[in-house]
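# Geometric and topological summary
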Amino acid sequence: MADKTNMPYTSAVLMELQRKANILPFNVMHKTLADTEVANLPIPANTTVLAQISTVLDDPEAFPHPERFNPDRFLNADGKTFNATAVDHLVPFSLGKRQCAGESLARMELFLILVALMQRYTFSVPKGGQLPDMTPVYGGTQFPQPYQCKITLRH
Ligand code: HEM
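Within the UniProt record for the protein, the comment given under Cofactor (unreviewed entry) is "heme".

Rendered as structure tokens:
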């Protein structure tokens with residue numbers, strides 16, 4: 001983990017992966033405890049609310065051409081520091097009091113697993129195959145279309 005600060009592009013790839021492959025696009029349900037309002041819309045107490053994460057992760061103002069997989073959007077021109085607007089809008093773990101309690105653990109696991117896989121294997125499209133269809137499959141969770149991948153040991 002000590003190397004992570006020297007690997008901004010890897011961090012940017014992970015951020016873009018979490019944006020495009022967000023596992024809980026519709027978040028989980030909550031209930032208002034008191035009358036409130038969002039964007040001038042009144043919401044009475046005891047209303048079930050679902051703060052949809054995917055609308056933020058696909059917001060074209062924060063993420064131009066949101067349909068594209070582009071890790072560079074999380075980096076400034078120097079390639080080392082992070083684009084604050086993009087980072088602020090990356091909310092796969094939700095926000096507020098009930099945001100994911102396992103965020104730090106999950107982020108550490110994602111970094112270690114991705115780097116370990118990249119160090120040991122090469123991932124490519126099998127002969128005669130094609131790149132995966134990036135259209136998400138939505139259910140309670142989001143998952144990818146079936147695809148084929150060739151995984152080769154590096155050493
Ligand atoms: C990529 C991995 C993960 C993602 C994207 C994720 C995302 C989320 C989201 C969106 C919520 C709902 C937040 C809300 O109610 O507003 C949540 C809740 C929660 N997550 Fe995760 N999570 C991940 C991994 C983990 C891990 C590894 C753990 C534990 C080791 C964990 C523990 C929890 C707990 C305990 C809650 C409920 C928090 C509460 O209601 O106060 N999550 N997570």
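Around the ligand, the surrounding shell holds 17 residues, and the nearest of these are Val-28, His-30, Ser-94, Arg-98 and Cys-100. Between the ligand and His-30 there is a distance of 2.6 Å, counted from an oxygen atom to a side-chain nitrogen or oxygen. Arg-98 places a side-chain nitrogen or oxygen 2.8 Å from an oxygen atom of the ligand. Considered class by class, the residues forming the shell around the ligand number 10 nonpolar, six polar and one charged.

Turning to helix H4 (residues 103-120), a few remarks are in order. In a regular helix each residue adds 1.5 Å, so 18 residues correspond to 26 Å; H4 covers 26 Å between its end C-alpha atoms and thus fits that length. By the burial criterion, the buried members of H4 are Phe-111, Leu-114 and Val-115. Projection of H4 onto a plane perpendicular to its axis shows the buried side chains occupying an angular sector of 95°, all on one side. Residues of H4 that are buried make contact with helix H1 (8-20).

Right, let's talk about the pattern of salt bridges for a bit. Where charged atoms from two side chains of opposite charge approach closely, those side chains can pair. A full pass over the atoms with the stated rule returns three salt bridges. Salt-bridge contacts for Arg-19 lead to Glu-16; the nearest nitrogen and oxygen are separated by 2.8 Å. Placement of both Arg-19 and Glu-16 in helix H1 is noted, with a separation of three residues, approximately one turn of the helix. Neither residue differs from the other here; Arg-19 and Glu-16 are each classed as buried. Note that Glu-16 is salt-bridged to Arg-73, the shortest N-O span being 3.0 Å. Of this pair, Glu-16 sits in helix H1 while Arg-73 sits in the loop between helix H2 (53-57) and helix H3 (84-88), and the two are 57 residues apart along the sequence. Through salt bridges with shared partners, one network takes in Glu-16, Arg-19, Asp-58 and Arg-73.

Its 13 residues place the ends of H1 18 Å apart at the C-alpha level, agreeing with the 18 Å of an ideal helix rising 1.5 Å per residue. Counting buried residues along H1, 10 of its 13 residues qualify, which places the element largely inside the surrounding structure. When we look at burial in H1, the residues that qualify are Pro-8, Thr-10, Ser-11, Ala-12, Val-13, Leu-14, Met-15, Glu-16, Gln-18 and Arg-19. Those residues of H1 that are buried lie in contact with H2, H3 and H4.

Once that is clear, we can look at the packing of aromatic side chains. Taken as a whole, this structure holds two aromatic pairs when the rule is applied. Each ring, one from Phe-26 and one from Tyr-138, has its centre 5.6 Å from the other, and the planes form 55°; the classification is tilted. Here Tyr-138 lies in strand S6 (residues 137-138) and Phe-26 lies in the loop between H1 and strand S1 (30-31), a separation of 112 residues in the sequence. A relative accessible area of 43% places Tyr-138 in the partly exposed class. Aromatic side chains Phe-63 and Phe-74 sit 5.8 Å apart centroid to centroid with 50° between the ring planes, which places their arrangement in the tilted category. Placement of Phe-63 in the loop between H2 and H3 and of Phe-74 in the loop between H2 and H3 is noted, with a sequence separation of 11 residues between them. For the pair Phe-63 and Phe-74, one class covers both residues: buried. The ring of Phe-111 carries Lys-4 above its face, with NZ or CZ at 5.8 Å from the centroid.

Parameters at a glance
Residues numbered from 1 in each chain as written. Predicted model: local features only at pLDDT ≥ 70, side-chain atom pairs only at ≥ 80, totals over all residues. Heavy atoms only, no water. UniProt positions renumbered as here; feature names shortened; annotations may be inferred. Near = heavy atom within 4 Å. Polar contact = N/O pair within 3.5 Å; in protein donor to acceptor, adjacent residues only side chain to side chain. Nonpolar A, V, L, I, M, F, W, Y, C, P; charged D, E, K, R; others polar. Helix = DSSP H or I, 4+ residues; strand = E, 2+ residues; numbered from the N terminus. Expected span 1.5 Å × (residues − 1). Buried < 20%, exposed > 50% of the residue type's maximum accessible area, 1.4 Å probe, protein only. Arc of directions from axis to C-beta. Contact = heavy atoms within 4.5 Å. Salt bridge = Lys/Arg side-chain N within 4 Å of Asp/Glu carboxyl O. Phe/Tyr/Trp six-rings, centres within 6.5 Å; stacked < 30°, edge-to-face > 60°. Lys NZ or Arg CZ within 6 Å of the ring centre and 35° of its normal.

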